[in-house]
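Read off the chains here:
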Amino acid sequence: MLPPFDYFTYRRVRALKQNERAARFASLPPRYHDSLTSHDKSLLTQSIQSLVQEVQNGSLPALDVLETYGKVAVRAHERTNCITELLLPEAETWAESEVNLKGPLAGVPVSLKDSIQVKGFDTTLGYTKLAGKPYAEDGAMVRLLKDAGAIPYAKTALPVTLLSFESANALWGACRNPHVPEYSPGGSTGGEGALLALGGRIGIGSDVAGSVRVPAAWSGIYSLRCSTGRWPKAGVNTSMAGQEGVASVFSPMARTLNDLTYFTKAIVGMQPWTYDYSVHPIAWREEEEREAKSGKLRIGLMSTDGVVPPTPAIQRAVSTTVAALTAAGHTVSEITPPATADPFTGLNLASQLLNSDGCVTFNSHRHNFEPSDPGADQLTRIAKLPRFLRYLYSLYVQYIRRDPTWAALIRAFSPKSAADLWKLVAKREAFRATWHAWWDTESQQYDFILCPANATPALPHRAMRDAVSSCGYTFLWNLLDYSAGVLPVSHVDAKKDALPAPYKMVLKQLGSDHAVARGAWKHYDAAKMAGLPTAVQVVGRRWQEEKVLGYMAAVEGALEQYYDAETGEGGKYPLIELD
């Protein structure tokens, strides 16, 4: 349809889908709107393993578990707008007819990022163009889940384009942070972050630049970024089909580390390579997880990516974690990344690979005048500049605004020919080889790397127009295809985490006074952010999911055992209490 007429189509479809969602919630049986009972709360605090055992031996009906988590979903959505497609009451039918209640996830409700295909439901990705096209069959990932005994019960919020840490789109609206609603729960799997923080149990998201790790960090939950080929990705939709420069991976998320580990192990135990040809036939290696969490560790600390320094709240989370690990007898030392493969070089290379089509594909799914993500809009404007104008603009930024960092990113951000893309892929492989050799040297024999998950706690809604490029702490590991997990540490404190001076002055003192850092730091306000989670990231090497989960357990154990009476730092991270 020609513009401007498809604008009215966008408005009509948006109203139709939002009314449809509201009607599904309103038509739920009254029991889903009741308050949580003591029985519900006991189910919500049981480990997945315990729930599975009771469902398998017949002492706990799967429908009871589903009803409890249905109640959680209703409350979480009212609070955060985290659900796109409510799969109840279809899930009740699946539990009685299609789900294998003898499997390793017997009766466990699982929430799914909206991009995962479920029969009878749309996979809109937040685009109105993709609405009204329900899938006739489950995708491979959902078939695997049902065979394992899991019951899909909700699809969750994401950003249009899937390239944002803000989970908002014109179709469904903005998803709100479960701790402070004026802030984002993260993205692009932000709906999962919000739902799991408010009592959901396990979920699946995707990650191309931090999209399961940033929601975990900003919402106060746990996630694991799997290396390519370790977790299934068939049976999904995407905003950038064919993009393989920095591969998107689907990965697990959970409310607790224990559940994250059990869930990951259960899925790998289902031999996902029989459902999805892209999965490597690597069985679960129990001994690697066990060894990783039991011995004394040598840990490399990347306290900054050299592009966007961590803000005070994140600095405190990292320093608390370092102190806890040291007190537990582990060795922590600052790393010096390879000089020819430093994090900024990685950010520049990964940005070009990810958007080598000039941002054409993720924009092709939108109706005319349908709003996009503000960060994606900025990327699109730069990519669409004629080459000569882009070059002049980069010179202006470098020499007039004296910002060589932003200038370098602008200059390289353009549509690539096939020949250009081949050269970038060759650079990617050289970059990976450099890191591989660096980690193998005698002086760099770290068990894992500890670093922030993001330079800031959760940012306010619409902040991506400024902070779109502040993704280096996660994007680097996507480029390298390393396994990486995120676990919460504490919360922002208005006094402890206040800036000592205006943010621009602090950035100048840190030698990071450029647009990328300013875009993130301009939104940092410890008083307004008070109560938001802080987190750290644990990074292993490629296909080391078992080890990373073991290392995360070691970090969490050290934090739980550590307490500094003088500063009040340390202790177990408190999950949101369920009412």
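- The protein is annotated in an unreviewed UniProt entry as amidase from Aspergillus steynii IBT 23096.
- Listed under Sequence similarities (unreviewed entry) in UniProt, the entry text for the protein is "Belongs to the amidase family."

Comments concerning the UniProt feature "domain: Amidase" (unreviewed entry) in the protein
Right, on to step 1. UniProt tags residues 64–549 as "domain: Amidase" (unreviewed entry).
Right, on to step 2. Annotated as residues 64–549, this span is 41% helix and 13% strand, and its ends, taken at the C-alpha atoms, are 30 Å apart.

Focus: the pattern of salt bridges
Right, on to step 1. By the definition in use, this model includes 31 salt bridges.
Right, on to step 2. In this structure, Arg-24 engages Glu-90 in a salt bridge whose closest nitrogen and oxygen atoms are separated by 2.5 Å. One end of the pair, Arg-24, is in helix α1 (residues 5–26); the other, Glu-90, is in helix α5 (residues 90–97), and 66 residues separate them in sequence.
Right, on to step 3. With a closest N to O distance of 2.3 Å, Arg-201 and Asp-259 form a salt bridge.

With respect to the domain arrangement of the protein
Right, on to step 1. Assigned domains of the protein: these are domain 1 (16–280) and domain 2 (299–561).
Right, on to step 2. Between the C-alpha centres of domain 1 and domain 2 there is a distance of 26 Å.
Right, on to step 3. With 54 residues of domain 1 at the interface, the matching set in domain 2 holds 60 residues.
Right, on to step 4. Both sides of the domain 1 and domain 2 interface together cover about 4,800 Å² of buried area, and 60% of this is carbon and sulfur.
Right, on to step 5. When residues of domain 1 are sorted by the area they lose upon contact with domain 2, Tyr-183, Arg-213 and Trp-218 head the list and together hold 15% of the total.
Right, on to step 6. Across the domain 1-domain 2 interface, the total number found is three salt bridges.
Right, on to step 7. We note a salt bridge from Glu-545 to Arg-230, for which the minimum N-O separation is 2.9 Å.
Right, on to step 8. Counting across the interface, domain 1 meets domain 2 through 35 residue pairs in polar contact (both at pLDDT 80 or more).
Right, on to step 9. Elements that contribute at least two residues to the side of domain 1 that touches domain 2 include exactly α8 (213–219), β7 (222–225) and α9 (257–269).
Right, on to step 10. Here the side of domain 1 that touches domain 2 is built from residues that sort into 25 nonpolar, 20 polar and nine charged.

Some remarks on the UniProt feature "binding site: substrate" (unreviewed entry) in the protein
Right, on to step 1. Mapped onto the present numbering, the UniProt feature "binding site: substrate" (unreviewed entry) falls at Leu-162, Ser-188, Val-208, Ala-209, Gly-210 and Ser-211. The greatest C-alpha distance among the annotated residues, which extend across 50 residues, is 10.9 Å, indicating that they converge on a single site.
Right, on to step 2. Checked against the element boundaries, Leu-162 lands in the loop between β3 (151–156) and β4 (168–169).
Right, on to step 3. Beyond its immediate stretch of four places on either side in the chain, Leu-162 contacts Lys-113, Leu-125, Ser-188, Ser-211 and Ser-239.
Right, on to step 4. Within the secondary structure layout, Ser-188 lies in the loop between β5 (173–174) and α7 (190–197).

Some thoughts on the nonpolar core
One recurring pattern in soluble globular proteins: nonpolar side chains tend to sit buried together.
Right, on to step 1. Within the largest apolar cluster, 183 residues are counted, with the highest numbers of intra-cluster contacts made by Trp-435 and Trp-477.
Right, on to step 2. Counting the residues that make up this core, at least three belong to each of domain 1 (16–280) and domain 2 (299–561).
Right, on to step 3. Excluding residues that lie within four positions of it along the chain, Trp-435 makes contacts with Pro-337, Pro-338, Ala-341, Ile-449, Leu-476, Trp-477, Leu-480 and Tyr-482.

Looking at unusual backbone geometry
Right, on to step 1. Pro-89 follows Leu-88 through a cis peptide bond whose omega is 0°.
Right, on to step 2. The residue Pro-89 is located in the loop between β1 (83–86) and α5 in this model.
Right, on to step 3. The amide bond that connects Gly-187 to the next residue, Ser-188, takes the cis arrangement and shows omega of 5°.
Right, on to step 4. Phi is positive for Leu-162, which is not a glycine, with a value near 65°.

Looking at the environment of Pro-185
Right, on to step 1. By the element assignment, Pro-185 lies in the loop between β5 and α7.
Right, on to step 2. Between the C-alpha atoms of Pro-185 and Cys-175, which are 10 residues apart in sequence, the distance is 7.0 Å.
Right, on to step 3. With residues up to four places along the chain from it excluded, the contact list for Pro-185 reads Cys-175, Arg-176, Asn-177, Pro-178, Gly-190, Ala-194, Val-214, Pro-215, Trp-218 and Ser-219.

Some thoughts on helix α6 (residues 140–148)
Right, on to step 1. The buried fraction of α6 is high, at seven of nine residues.
Right, on to step 2. Those residues of α6 not exposed but buried are Ala-140, Met-141, Val-142, Leu-144, Leu-145, Lys-146 and Ala-148.
Right, on to step 3. The inward-facing, buried residues of α6 contact α5, β2 (109–113), β3, β6 (202–207), β8 (249–254) and α9.
Right, on to step 4. Positive backbone phi, at 105°, marks Gly-149, one or two positions downstream of α6.

As for the packing of aromatic side chains
Given two aromatic rings, their pairing is described by the distance between the two centres and the angle made by the two planes.
Right, on to step 1. According to the stated counting rule, one finds 13 aromatic pairs in the structure shown.
Right, on to step 2. Aromatic side chains Trp-435 and Trp-477 sit 5.6 Å apart centroid to centroid with 85° between the ring planes, which places their arrangement in the edge-to-face category. Here the residue Trp-435 occupies a position in helix α17 (residues 418–440), and Trp-477 occupies one in helix α19 (residues 472–480), the gap between them amounting to 42 residues. Accessibility assignment for this pair places Trp-435 and Trp-477 in one class, buried.
Right, on to step 3. A network of ring pairs unites the aromatic residues Trp-435, Trp-438, Trp-439, Tyr-446, Trp-477 and Tyr-482 as a single cluster.
Right, on to step 4. Sitting over the face of the ring of Trp-94, Lys-146 holds its NZ or CZ atom 3.9 Å from the ring centroid.

Let's talk about the packing of helix α12 (residues 343–354) against helix α16 (residues 404–412)
Right, on to step 1. Relative to each other, α12 and α16 sit at 25°, their axes nearing to 9 Å. Between α12 and α16, the angle falls in the class roughly parallel. The two elements α12 and α16 cross, and the hand of that crossing is right-handed. In this structure, α12 contributes Phe-344, Leu-347, Asn-348 and Gln-352 to the contact, and α16 contributes Thr-405, Ala-408, Leu-409 and Ala-412.
Right, on to step 2. Broken down by class, the residue content of the contact of α12 with α16 amounts to five nonpolar, three polar and no charged.

Cut-offs used in this document
- Residues numbered from 1 in each chain as written.
- Predicted model: local features only at pLDDT ≥ 70, side-chain atom pairs only at ≥ 80, totals over all residues.
- Heavy atoms only, no water.
- UniProt positions renumbered as here; feature names shortened; annotations may be inferred.
- Helix = DSSP H or I, 4+ residues; strand = E, 2+ residues; numbered from the N terminus.
- Salt bridge = Lys/Arg side-chain N within 4 Å of Asp/Glu carboxyl O.
- Domains from an automatic or database assignment.
- Contact = heavy atoms within 4.5 Å.
- Buried area = accessible area lost by both parts, 1.4 Å probe.
- Polar contact = N/O pair within 3.5 Å; in protein donor to acceptor, adjacent residues only side chain to side chain.
- Nonpolar A, V, L, I, M, F, W, Y, C, P; charged D, E, K, R; others polar.
- Core = buried A, V, L, I, M, F, W, Y, C linked by side-chain atoms within 4.5 Å.
- Buried < 20%, exposed > 50% of the residue type's maximum accessible area, 1.4 Å probe, protein only.
- Phe/Tyr/Trp six-rings, centres within 6.5 Å; stacked < 30°, edge-to-face > 60°.
- Lys NZ or Arg CZ within 6 Å of the ring centre and 35° of its normal.
- Axes fitted to C-alpha atoms, helices over the stretch in contact; angles between N-to-C directions.
- Parallel < 35°, antiparallel > 145°, perpendicular 65-115°, else oblique.
- Left-handed = near helix turned anticlockwise from the far one by under 90°.

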